[in-house]
Amino acid sequence: PKLGLQVEYAIPEGLTANISCKTEYLSLHAGFVYDLQGFGFSTGITLYPVNYKYIQPVIDFTEGYIVAGKVNELSRLIGDNLKYRIKLFENIDYTYLRLLTGADIRLMDNLFITVRGGIFVMLSKPKSFAEDLDYYLDGSVTRSEPATFMIYGISASLGVIIYLD
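Keep in mind the model is a prediction, meaning the values are calculated, not measured.

A look at the side chain of Ser20
Stage number 1. Looking at the element boundaries, Ser20 is found in strand E2 (residues 14-22).
Stage number 2. By relative accessible area, Ser20 is classed as buried at 2%.
Stage number 3. In terms of polar contacts, Ser20 uses its side chain to reach the side chain of Ser27, at 2.9 Å.

Here is the structure:
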């Protein structure tokens with residue numbers, strides 16, 4: 001097995017730094033992720049169904065978790081509109097799952113560029129949903145279960161992997 005270091009930028013998941021352990025047809029990776037909301041961690045598995053010398057087609061499944069952060073801070077980058085700064089968005093963490101396909105392109109013996117695209121799903125439960133609803137509805141909420149928000153869409157990533165000898 002080869003041990004490697006991987007840095008990747010994915011939209012919308014963010015910047016990831018991983019340690020990777022690769023065999024001929026399989027790679028396991030784990031590391032840290034940063035997006036504009038905060039920090040987290042990710043783990044995943046990459047399959048190499050065919051091993052060509054310069055281009056290796058891949059199928060990658062990754063799961064990640066972003067620790068609770070302030071989405072309201074992120075809204076400042078979009079625009080300074082106060083209607084987007086609501087209490088509900090003060091303490092949100094989320095889990096993401098993504099399934100990507102693409103290729104690892106060999107530049108040198110141990111240096112690869114990764115190009116991937118596919119789908120993602122983000123799942124989140126705001127920490128204090130009932131209290132936030134009660135605040136905005138003037139105390140009229142008698143019982144509220146935590147809501148799960150699910151966002152899904154297209155993901156794309158570009159990265160570099162350096163395998164150590």
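What about the environment of Tyr94?
Stage number 1. Relative to the helices and strands, Tyr94 is located in strand E6 (residues 92-108).
Stage number 2. Linking Tyr94 and Gly64, residues 30 residues apart in sequence, is a C-alpha distance of 8.4 Å.
Stage number 3. Excluding residues within four positions of it along the chain, Tyr94 makes contact with Asp35, Gln37, Gly64, Tyr65, Ile66, Met122, Leu123 and Ser124.
Stage number 4. There is a polar contact of 2.3 Å between the side chain of Tyr94 and the side chain of Asp35.

Focus: the confidence of the model for the protein
Stage number 1. For the protein, per-residue confidence averages 83 on the pLDDT scale, and residues scoring 70 or more make up 73% of the total.
Stage number 2. The element-level mean pLDDT for the protein is lowest in helix H1 (residues 71-78), coming to 54, with strand E3 (residues 26-34) highest at 96.

Details of a nonpolar patch on the surface
Stage number 1. A cluster of nonpolar side chains, contributed by Leu26, Leu28, Ile45, Leu47, Ile59, Phe61, Leu99 and Ile119, occupies part of the molecular surface with about 660 Å² of accessible area.
Stage number 2. Elements that contribute at least two residues to the nonpolar patch include exactly E3, strand E4 (39-47) and strand E5 (55-69).
Stage number 3. Overall, Ile59 belongs to the partly exposed group, its relative accessible area being 39%.

Definitions and limits used
- Residues numbered from 1 in each chain as written.
- Predicted model: local features only at pLDDT ≥ 70, side-chain atom pairs only at ≥ 80, totals over all residues.
- Heavy atoms only, no water.
- Helix = DSSP H or I, 4+ residues; strand = E, 2+ residues; numbered from the N terminus.
- Buried < 20%, exposed > 50% of the residue type's maximum accessible area, 1.4 Å probe, protein only.
- Polar contact = N/O pair within 3.5 Å; in protein donor to acceptor, adjacent residues only side chain to side chain.
- Contact = heavy atoms within 4.5 Å.
- pLDDT = per-residue confidence, 0-100.
- Patch = residues over 30% accessible without salt bridge, like charges linked within 9 Å, V, L, I, M, F, W, Y side chains within 5 Å.
- Areas by Shrake-Rupley, 256 points an atom, 1.4 Å probe, with all protein chains shown as cover.
- Salt bridge = Lys/Arg side-chain N within 4 Å of Asp/Glu carboxyl O.

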